[in-house]
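# Breakdown of the fold
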Amino acid sequence: MTGLVPEALVALALAVALGLRWLLRARAPRQRWPLPADWREQLWRDVPQAGVVPQALRPLYERQVETFLADKRFVGCNGLDIEDSMRVAVAGLACLL
């Protein structure tokens, strides 16, 4: 029974932290810029899985990609230089979820 108290406190702290994060993100205006035309073309060309997005939902999908690119920072490891094509492909795949 004594082991339950620290676990419950950790779970409560995690729930509060996630709730605060969600609240702050919901209230903060999201900075987003339209995808450049060449990025949009690249998204549909290089992410074949995006083809399953219904035509009616494509504008929403592209807005999600724009928001993802504005919110996330990409860091290359072992000297990898992150190119825009990599960012667009990762954002396109992530936003399908």
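Residues numbered from 1 in each chain as written. Predicted model: local features only at pLDDT ≥ 70, side-chain atom pairs only at ≥ 80, totals over all residues. Heavy atoms only, no water.

Before going further, it helps to examine the side chain of Glu62. Structurally, Glu62 is set in helix 3 (residues 58-71). In this structure Glu62 comes out as buried when scored by relative accessible area, which is 13%. A distance of 2.9 Å separates the side chain of Glu62 from the side chain of Trp44, its partner in a polar contact. Not counting chain neighbours up to four residues away, the residues in contact with Glu62 comprise Leu35, Arg40, Leu43 and Trp44. (Helix = DSSP H or I, 4+ residues; strand = E, 2+ residues; numbered from the N terminus. Buried < 20%, exposed > 50% of the residue type's maximum accessible area, 1.4 Å probe, protein only. Polar contact = N/O pair within 3.5 Å; in protein donor to acceptor, adjacent residues only side chain to side chain. Contact = heavy atoms within 4.5 Å.)

The next subject is the confidence of the model for the protein. Averaged over all residues, the pLDDT of the protein equals 85, while 84% of them reach at least 70. The weakest mean pLDDT in the protein belongs to helix 1 (residues 4-27) at 72; the strongest belongs to helix 4 (residues 84-96) at 95. (pLDDT = per-residue confidence, 0-100.)

Quick look at the environment of Tyr61 now. Position of Tyr61 relative to the elements: it lies in helix 3. For Tyr61 and Leu96, which are 35 residues apart along the polypeptide, the C-alpha to C-alpha distance reads 7.6 Å. Ignoring anything within four residues of it in the chain, the contact list for Tyr61 reads Leu43, Trp44, Val47, Ala50, Val53, Gly92, Leu93, Cys95 and Leu96. Looking at Tyr61, its side chain comes within polar contact range of the main-chain oxygen of Gly92, at 2.6 Å.

Our next topic: helix 4. When the terminal C-alpha atoms of helix 4 are compared, their 19 Å separation across 13 residues agrees well with the 18 Å that a helix rising 1.5 Å per residue should span. Of the residues making up helix 4, those classed as buried are Val88, Ala91, Gly92 and Cys95. In a view along the axis of helix 4, the buried residues occupy a sector of 100°, so they form one face of it. Those residues of helix 4 that are buried are in contact with helix 2 (37-46) and helix 3. (Expected span 1.5 Å × (residues − 1). Arc of directions from axis to C-beta.)

This next bit is on the environment of Leu35. With respect to the secondary-structure elements, Leu35 resides in the loop between helix 1 and helix 2. For Leu35, a relative accessible area of 5% puts it in the buried group. Sequence spacing of Leu35 and Val88 is 53 residues, and the spatial spacing of their C-alpha atoms is 9.4 Å. Beyond its immediate chain neighbours, meaning those up to four positions away, Leu35 contacts Arg40, Leu43, Glu62, Val65, Glu66 and Leu69.

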